Structure formats: C-alpha cells, structure tokens
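Observations on the three-dimensional arrangement
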Amino acid sequence: MAYDPQVIAAARAQLEQRRGQATNRAAAMRARLCEQIPRLKEIEQQLAAAIPAVAHAILTGNSEREIARIREENLRLQKEMAELLHKAGYERDNFEPQYTCPHCEDTGYANGRMCACFSQLLKDEACRQLSGLSCMKLTDFDDMQLGYYDDTVDARLGISPREQMQGIITYCREYAAAFTPNAQSLLLQGPTGTGKTHLSLAIAKAVTEQGFGVVYSSVQPLLRKLESEHFGRSEGDSEEQLIACDLLVLDDLGMEFDSPFYRACLYNVINGRLLENKPTIISTNLGFSAIATRYGDQIASRINGGFEPLLCVGKDIRQLRRRRAME
Ligand SMILES: [Zn+2]
C-alpha cells in the first residue's frame, strides 16, 4: 500500500524511538550492574579481547587448538557472568536491549523483508493522521446522559425518546465490544444534537482500544484531502487507506459542499468497503429520501441496502446542556 511520506516518516521515528529506548535502558542497566559488581566489567573486557585473539590465532597458523582454548575460556567467563548476575537477582538478558519487537530488533526489517511491526505502525499512523485523532476528543458510552432525553411516549415511535436511545446505546456498546473487521455497517440518523457523533466516537474509541485500525473523520476534511491528492497538490493515497482500514467512521454526511467529484469519492469509498465486506459507520441528519435526492440512486441504494439504520431522536442536547448550565 502506498503511504503518505509523512506517515512513513512518523512510523520510522517511532521505530527509532523504540530502538533508542531499548539501547539506552540496556546501557544504563549495564553501567549500574558493573558498578555494583566490578568483576562483571573485567569479564566484559576479557570477552571483548577474545575477538582480536581469535583473529591473531588464525593469522599465526596454529588456529584450531588456540581457537578451542579461547572458546572454552569464553564459555567459562560467560558462565561466571551468568552466576554473578543470578546471585544479584538478574539474568544475562538484562545486559541486552529488550526490543519491543525481538523479531526485527525494532529496525522494521527482518530477513530482508518489512517486519509485521513496521506494517502495523504504518497502518496505525495512517489511521491516526487521516483521523486527526490528536484533535479528536474520544469519549465513552458512559458519558451519554439519558436524562436529557424525553421520557414521554412518542406517538410515532411507540416508545419514549429515552427508551429509544437506551436501546441504541446498548446496541452500539455491544457492537463495539463484539467488533470484527467484517462487522455490520451502521447509519446513525437523526437531527442535530441527538448524540450521533457521541455514539460514533464512543464506538471508534472502543474499537481502537481493541487494536483495530479506525479512521474517524468528518466528511468535509476527508473529501478535501482526497481532492488535493487527486489533483496532485499533495502526496499519498488516502482513498486506498479509507477502503483498507478496519473501521471507517464518516461523521456529518450531508454537511459537506456538494460537488460531482465529492459524490464520486464518497461512492468509491462506501462501495469499495461494502465490496470488501468492511464496516463503515455514517452519521447524518439526512433521511433516506434526502440522501437519495442529494447523492443520487447509486449511493442511496448502497446505503439503503448495506447499512443498519439507527434512528437517534430527541431535542438538541447541546442546546439543553447549555441552557441548563445557564440556569
Ligand atoms: Zn519487528
């Protein structure tokens, strides 16, 4: 997959940081132990001296016997070191850097191939950068306050808005807990301020915490990024990443500028993910007929057929909160 150079640079920087930390920790441990047990330092020096001794033995011709002697001496020294460390409550491993990924020793490559840890870092970083997660406040299901929803039965729903939202919160909580990369796509519909963004953020947080690659973004900035890449103003292949991530959350569909290019991008992403059986969560103020009017039958039929609709109801909670805070 083609990653944005910024994504690659950030993933490499993380590898370097991991490697640096492991090396520094090992060096600090070595210095501390050598200070505690001076004999360790002597052994280290003797072991280091063995390398030129072997070279000398090879050059002077009587290598076999001499090399065997050096090897035996080395084994004896290593055994002594292990015993000294063990007596002090440590192991020989404490002298070596403890890498996050022992397979590639945090270099990102092993046996001439990219290591799985580097692929994972690239994937995580791509999701993070596409999501702008640094400026996104992730939130929990527990922060949703049902007290703001009306408790009287709504004739159209047959239950109260509070009951309706209780059901949706439970559904979303279970959805997030049981998430798989082939989970159902969801359409969170309803007026402004009824908790759609809160719910989608809570799902994104719970799914991210399980180690899945989640891209969360409002529709407008994502489309702007795709546009800028398409017309060569910036590098990267965000469309590919939007289709490849484990969960894509598109917030506020319908609030973006309308253009044929944007509609085509949305279709490619939504359809591409449905074809790969990957879940997308869309939140929108638009009902099904408004989606069809605005985006055309192609997108509307994909959403209609492939997404589970969840109707969020109630009054604008942000306004209610503001009003109650002022009372
Ligand atoms: Zn690795």
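Computed from a predicted model, the values in this text were never measured in an experiment. (Residues numbered from 1 in each chain as written. Predicted model: local features only at pLDDT ≥ 70, side-chain atom pairs only at ≥ 80, totals over all residues. Heavy atoms only, no water.)

Some details on the overall build of the protein chain
Rules: Runs of E in the DSSP output that reach at least two residues are strands. Runs of H or I that reach at least four are helices, and both are numbered from the N terminus. Computation of the radius of gyration draws on C-alpha atoms alone. For the globule rule, the value is 2.2 Å times the number of residues to the power 0.38. For each residue, the accessible area found with a 1.4 Å probe, counting protein chains only, is set against the maximum for its type, and the residue is called buried under 20%, exposed over 50%, and partly exposed in between. Accessibility throughout is a Shrake-Rupley quantity obtained with a 1.4 Å probe, and a residue counts as covered only by protein chains that appear here. The convention is simple: Lys and Arg are positive, Asp and Glu are negative, and His and the chain ends are not counted. The atoms used to mark charge sites are NZ of Lys, CZ of Arg, CG of Asp and CD of Glu.
A tally of helices and strands in the protein chain yields eleven helices and seven strands. A compact globule built from 327 residues would reach a C-alpha radius of gyration of about 20 Å, whereas the protein chain, at 29 Å, exceeds it by more than 25%. Projecting the C-alpha coordinates of the protein chain onto the three principal axes gives extents of approximately 95 × 45 × 35 Å. Relative to its 327 residues, the protein chain shows a buried fraction of 40%. Per element, the accessible surface of the protein chain, about 18200 Å² overall, is 51% carbon and sulfur. Each charge sign in the protein chain was given a centre, from 38 positive and 43 negative side chains, and these centres are 2 Å apart.

As for the side chain of glutamine 164
Threshold: Contact between two residues is taken to exist if any of their heavy atoms lie within 4.5 Å; hydrogens are not considered.
Take glutamine 164: it is sitting in helix H5 (residues 161–177). Residue class for glutamine 164 comes out buried when judged on its relative accessible area of 17%. Ignoring sequence-local partners within four residues, the contact set of glutamine 164 consists of Leu157, Ile159, Leu311 and Val313.

So, the coordination of the zinc ion
Where we set the bar: Coordination here is defined by N, O and S atoms within 2.8 Å of the metal (3.2 Å for Na, K and Ca), and since water is not considered, a site can look incomplete.
Protein-derived ligands of the zinc ion are Cys101 (SG), Cys104 (SG), Cys115 (SG) and Cys117 (SG), with the metal-ligand distances lying across 2.3 Å. Counting gaps between the donor residues of the zinc ion yields the pattern C-x2-C-x10-C-x1-C. Remark: cysteine 115 occurs in the loop between strand E2 (113–114) and helix H4 (116–131) and cysteine 101 occurs in the loop between helix H3 (63–87) and strand E1 (109–110); sequence separation between them is 14 residues.

As for the nonpolar core
A general tendency of soluble globular proteins is for nonpolar side chains to be buried together. Under the convention used in this document: The set of buried Ala, Val, Leu, Ile, Met, Phe, Trp, Tyr and Cys residues whose side-chain atoms join them within 4.5 Å is what this entry labels a nonpolar core.
In terms of nonpolar packing, the biggest core is built from 31 residues, with Leu199, Ile203 and Leu247 touching the most fellow members. Looking at this core, the elements with two or more residues in it are H5, strand E3 (185–189), helix H6 (196–209), strand E4 (214–218), strand E5 (247–253) and helix H11 (317–326). Here leucine 247 is in contact with Tyr175, Phe179, Ile203, Val207, Gly213, Val214, Val215, Arg273, Pro279 and Ile281, once residues within four sequence places are set aside. Judged by nonpolar contacts, the second largest core, of 27 residues, contains Leu130, Cys245, Val269 and Phe307.

What to know about the environment of alanine 50
Position of alanine 50 among the secondary structure elements: in helix H2 (residues 38–59). Alanine 50 gets classed as buried once you look at its relative accessible area, which sits at 8%. Taking the C-alpha atoms as reference points, alanine 50 and cysteine 101, 51 residues apart in sequence, are found 30 Å from one another. Residues within four places of alanine 50 in sequence aside, it is in contact with Ile70 and Asn74.

What to know about the pairing of E5
The condition that has to hold: Here, any two strands with at least 2 DSSP bridges between them count as paired. With its strands directed away from the observer, a crossover is right-handed exactly when the path from the first strand over the helix to the second travels clockwise.
Burial within E5 is extensive, with six of its seven residues counted as buried. Two strands pair when backbone bridges link them, and E4 and E5 are joined in this way by five bridges, in the parallel orientation. Within E5, the position partnered with tyrosine 216 by the bridge is valine 249. As defined by bridge partners, E5 adjoins strand E6 (residues 280–284) across four bridges and the pair is classed as parallel. Bridge pairing in E6 places leucine 248 opposite threonine 280. Running through helix H9 (residues 260–275), the crossover from E5 to the neighbouring parallel element E6 is right-handed.

This is a description of form; function is not addressed.
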